[in-house]
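# Examination of the molecular architecture
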Amino acid sequence: MRKTFLVFLMLTALVLSFAAVKNPNVIVKSVIGEPETLDPAYAYDNASGEVINNISENLIAYDGEHLTKFIPMLSTVVPSVENGLMSEDGLTYSFKIRKGVKFHNGETLTPEDVEYSFERNLLASQFGGPMWMLLEPLTGVQYLEDLVPSYVGAADWADIFDENNEPKAMYKDKLIKFYEEVIDPVVEVNGDMITFKLAMPYGPFLNVLAQNSNWSTITNAKWAKEQGAWDGKADGWWKWHNLRTEDATFYANYMGTGPFKLVEWDRTQRKVVLERFNDYWREPAKVEKVIIQVMEEWSTSKAALEAGDVDILTPDQQYMSQLRGREKEGITTVEGLTTISSDVIGVLWTINPDSKYIGSGKLDGQGIPINFFAEPNVRKGFQASFDYLNFIKMTLEGQGLQIPSALPKGLLGYSENSDKPEFNLDKATSYFKRAYRGQLWNRGFKMTLTYNSGNDTRKTAMEILRDNLAKINPKFQVEVRAVQWADYVAQRRSKTAPINFFSWQADYPDPHNFIATYYNSDAGYYGAFMGEDYAKFAKTPQAAFGGISLNDYIDMALKEANTEKRQAMYEKITDFVVDNAINIPTYQVYSRKAMRTWLKGWSRNPMQGNNEYFYPMYKAE
């Protein structure tokens, strides 16, 4: 009788526990932006990466919160010189592929799937996309647009193809040989091993392969070809290269070996639904379903969290005070999380003339010319118009620090001695009066600044800039406007937004990932999209670098083996960036999270940024 009674109590407690937890088998995350694409060769934003990195996997993963220590994932061993899987010269890495791993379509993972995935992504690479991180160490060049023309003997990419986008006769065989001689040899199958052959030693190579790097995830070759991806042949690979984002094969559907399967990406309801993969090679995930739901309005997200309809979200820092100390209500918060990131108000030195944000497109008081920010006094005026410290204190609640350039604190090259941009309206006034020989001051300007919907931190930053510009001169008229995330991301490539908030979460913990990204006009994710005037500037020999251009000096810093010399080189780049007001570095922020107390198993590596890895998470009181 006693045993029966105890069982009854346990069952009652279990029932009450599940009754208290709302939707115990479903985790709902509120976000402010949906993915731009699910294609790993094209996805280069956090919203896309969060989905890809829960449905597919990498060869290795970060060990806990470590940034340079790894554990096996789809490989069985992390290569090192000591275990013989990494050559002493750093040019060869070998991985033994795990056996018995199933894809979501039931196929078994093979080394050939790994080879196909990397080669397909290298060939499919989009200019400005993430694949430069693999092309650079494997071929020595970041983009096929630079590598292929020199290999086939053409002046540039466009010269290789005719009006129908077919290779001209003189180049077709060379394009085929390019695959056979350049791409195919860099990733090779040897029995149950995969071997990467690098063109140069590349310190962060394992970081580039590790979990959270969606560009290095593995898919099933058979399934990929069935979806219309590269057919695996040397002849014709160029047909899949550098497509429009929406035309890429895996734009709306991707598949891997991850703990969750993609059920749907509903672009009308703006949500992604993932379902537990029961044949996962480790223990299946503890929850059956994950829903990533866009909720742009803070009041909506907050109400959903309070009602238990949302389990986790990343609020803007300015709203954290509304959530702290509410554990008794079932809400908990985590703050001060380390990030390797920087936020910069980026200015386009040459704006697309079709932009709808530049008014008349002229310096007539009704708009701005397309090369408005190529004028140094304009850039310096804008830089002196932003109240950095007050923004960090009030909007970020002090959870951030001002940085001299886009290089965040904690990485090689950062120096406390570097000058930081200064908020000074008198100096700003002086710069603006000098711009365009006084014409700007007399005529004024009109322009529109955008931010992604739901990001009230960026909205506040733009409003601060708007208000201070109006204080300086009432003829400086700025409208602040929200746009949806996908459109906001697309504005970078179209070069239509005169000012964009550039935010960068490290791909790997090395200064090159920030300096090249922001300032290299040949290849940087942001630097390559700042317009022709910036490209010309970045390629011009500079006295500050001993007659070397900024682009070339950035490349030299990457290849410098001496750490002290490298530190000095990045400090010099930072000083140059500040002196020339290339953009407006605003802050490095500490991250935060709010969640229901019933959500268990949450953990984080700084390389995740604000994304979640849902596999270890579950719900229980």
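Residues numbered from 1 in each chain as written. Predicted model: local features only at pLDDT ≥ 70, side-chain atom pairs only at ≥ 80, totals over all residues. Heavy atoms only, no water.

### Regarding the environment of Phe382
What counts is decided by this rule: In DSSP terms, a helix is any run of H or I states spanning at least four residues, a strand is any run of E spanning at least two, and both are numbered starting from the N terminus. Each residue is assigned to one of three classes by its accessible area relative to the maximum for its type, calculated with a 1.4 Å probe on protein chains only: buried under 20%, partly exposed between the two thresholds, exposed over 50%. Any pair of residues with heavy atoms lying within 4.5 Å of one another is described as a contacting pair.
With respect to the secondary-structure elements, Phe382 resides in helix H11 (residues 376-383). Residue Phe382 is classed as buried on the basis of its relative accessible area of 0%. Excluding residues that lie within four positions of it along the chain, Phe382 makes contacts with Phe372, Phe373, Phe432, Phe445, Met447, Leu465, Leu469, Ile499 and Ile584.

### With respect to the environment of Leu144
Among the structural elements, Leu144 can be located in helix H5 (residues 144-152). Sequence separation between Leu144 and Ala544 is 400 residues; the distance between their C-alpha atoms is 31 Å. Discounting residues that sit within four places of it in the chain, Leu144 has contacts with Leu122, Leu123, Ser125, Leu135, Pro149, Trp157, Phe178, Trp237 and His241.

### Remarks on the packing of aromatic side chains
Operational definition: Aromatic rings from Phe, Tyr and Trp, with only the six-membered ring used for Trp, were paired whenever their centres fell within 6.5 Å, and each pair was classed as stacked if the ring planes differed by under 30 degrees, edge-to-face if by over 60, and tilted otherwise. In this scheme, the term charge over a ring applies when either NZ of a lysine or CZ of an arginine sits within 6 Å of the ring centre and within 35 degrees of the ring normal.
Within this structure, the stated rule accounts for 54 aromatic pairs. When the centroid spacing of 6.3 Å and the interplanar angle of 90° are considered together, the rings of Phe372 and Phe382 count as edge-to-face. Residue Phe372 is found in the loop between strand E12 (341-347) and H11, and its partner Phe382 is found in helix H11; the two are separated by 10 residues along the sequence. Ring pairs connect the aromatic residues Tyr44, Trp215, Phe502, Trp504, Tyr518, Tyr519, Tyr525 and Tyr526, which therefore count as one cluster. Above the ring of Trp598, the side-chain terminus of Arg596 is found at 4.4 Å from the ring centroid.

### Focus: the layout of surface pockets
Rule in force here: Buried and open spaces are told apart on a 1 Å grid over the protein atoms alone, a cavity being a set of points where a 1.4 Å probe fits but cannot get out and a pocket being an open set with protein on both sides within 12 Å along at least five of seven lines. Residues with an atom within 4 Å of a point are the lining residues. Grid points are joined across faces, edges and corners, and a volume is the space filled by probe spheres set on the points. Throughout, the ten residues Ala, Val, Leu, Ile, Met, Phe, Trp, Tyr, Cys and Pro are labelled nonpolar, Asp, Glu, Lys and Arg are labelled charged, and all others, Gly among them, are labelled polar.
When its volume is computed, the largest pocket comes out at roughly 390 Å³. What lines the largest pocket is a set of 18 residues, among which Gly203, Pro204, Asp510, Leu558 and Arg566 lie closest to the centre. Counting residues per element, the ones that place at least two in the lining of the largest pocket are helix H19 (550-559) and helix H20 (563-579). Residue classes in the lining of the largest pocket are distributed as 9 nonpolar, 5 polar and 4 charged.

### Focus on unusual backbone geometry
Backbone geometry places Asn165, a non-glycine residue, at a positive phi of 65°. Classification of Asn165 as exposed rests on a relative accessible area of 54%. Phi at Glu397 is positive, roughly 55°, even though this residue is not glycine. Structurally, Glu397 is set in the loop between helix H12 (388-394) and strand E13 (400-401).

### Regarding the sheet that holds strand E1 (residues 26-31)
Cut-off, in case you're wondering: Strand pairing follows a simple DSSP-based rule, namely that at least 2 bridges must link the two strands. Note on method: axes are straight lines fitted to C-alpha atoms, helices fitted across the in-contact stretch only, with angles between N-to-C directions ranging 0 to 180 degrees.
Pairing is mixed in the open sheet, where 7 strands are placed in the order E7-E8-E9-E1-E10-E20-E11. Bordering the open sheet on either side are strand E7 (260-266) and strand E11 (331-337), each of which pairs with just one other strand. Summarising the sheet, strand E10 (residues 312-313) and strand E20 (residues 591-596) pair through 2 bridges and their orientation is antiparallel. Its bridge partner lying in E20, Ile312 is registered against Met595. Across the sheet, helix H2 (residues 46-55) is in contact with E1, E7, strand E8 (271-276) and strand E9 (289-294); its angle to E7 comes to roughly 145°. On top of the sheet, helix H10 (residues 298-307) reaches E1, E10, E11 and E20; it is set at about 45° to E20, its chief contact.

### Digging into the UniProt feature "domain: Solute-binding protein family" (unreviewed entry) in the chain
Operational definition: UniProt positions are given in the numbering used here, feature names are shortened, and annotations may be inferred rather than shown by experiment.
Mapped onto this numbering, the UniProt entry annotates "domain: Solute-binding protein family" (unreviewed entry) at residues 86-524. Taken end to end, residues 86-524 comprises 31% helix and 17% strand; its first and last C-alpha atoms sit 29 Å apart.

### A closer look at the packing of helix H4 (residues 132-139) against helix H17 (residues 512-519)
Selection rule: Angular relationships are summarised with four words: roughly parallel below 35 degrees, roughly antiparallel beyond 145, roughly perpendicular across 65 to 115, and oblique for the angles in between.
In contact at an axis separation of 13 Å, H4 and H17 are set at 110° when each is read in the N-to-C sense. Accordingly, the angle class assigned to the pair H4 and H17 is roughly perpendicular. From H4, Trp132, Met133 and Glu136 reach across to H17, where they touch His512, Asn513 and Thr517. Classifying every residue of the contact of H4 with H17 by side-chain character gives 2 nonpolar, 3 polar and 1 charged.

### A short note on the sheet that holds strand E16 (residues 499-505)
The strand order across the open sheet built from 4 strands is E13-E19-E12-E16, with neighbouring strands paired in antiparallel fashion. For this open sheet the edge positions go to E13 and E16, each flanked by a neighbour on one side alone. Where E13 lies against strand E19 (residues 584-589), 2 bridges are found, and the strand directions are antiparallel. Paired with Leu401 across the bridge in E19 is Gln588.

### Observations regarding the nonpolar core
Inclusion rule: Definition of nonpolar core: a set of buried residues of the types Ala, Val, Leu, Ile, Met, Phe, Trp, Tyr and Cys, connected through side-chain atoms within 4.5 Å.
Counting 188 residues, the largest nonpolar core has Phe196, Trp237, Phe372 and Phe382 as its most contacted members. If one sorts the elements of this core by residue count, helix H7 (residues 169-183) sits on top with 7 residues. With residues up to four places along the chain from it excluded, the contact list for Phe372 reads Leu363, Val378, Phe382, Tyr436, Leu440, Phe445 and Met447. Judged by nonpolar contacts, the second largest core, of 14 residues, contains Trp298, Leu305, Val310 and Leu313.

### As for the pairing of E9
The buried fraction of E9 is high, at 5 of 6 residues. Direction of pairing for E1 relative to E9: parallel, over a ladder of 6 bridges. Bridging across to E9, Val31 finds its partner in Val294. Summarising the sheet, E8 and E9 pair through 5 bridges and their orientation is antiparallel. Within E9, the residue paired with Lys271 across the bridge is Gln293.

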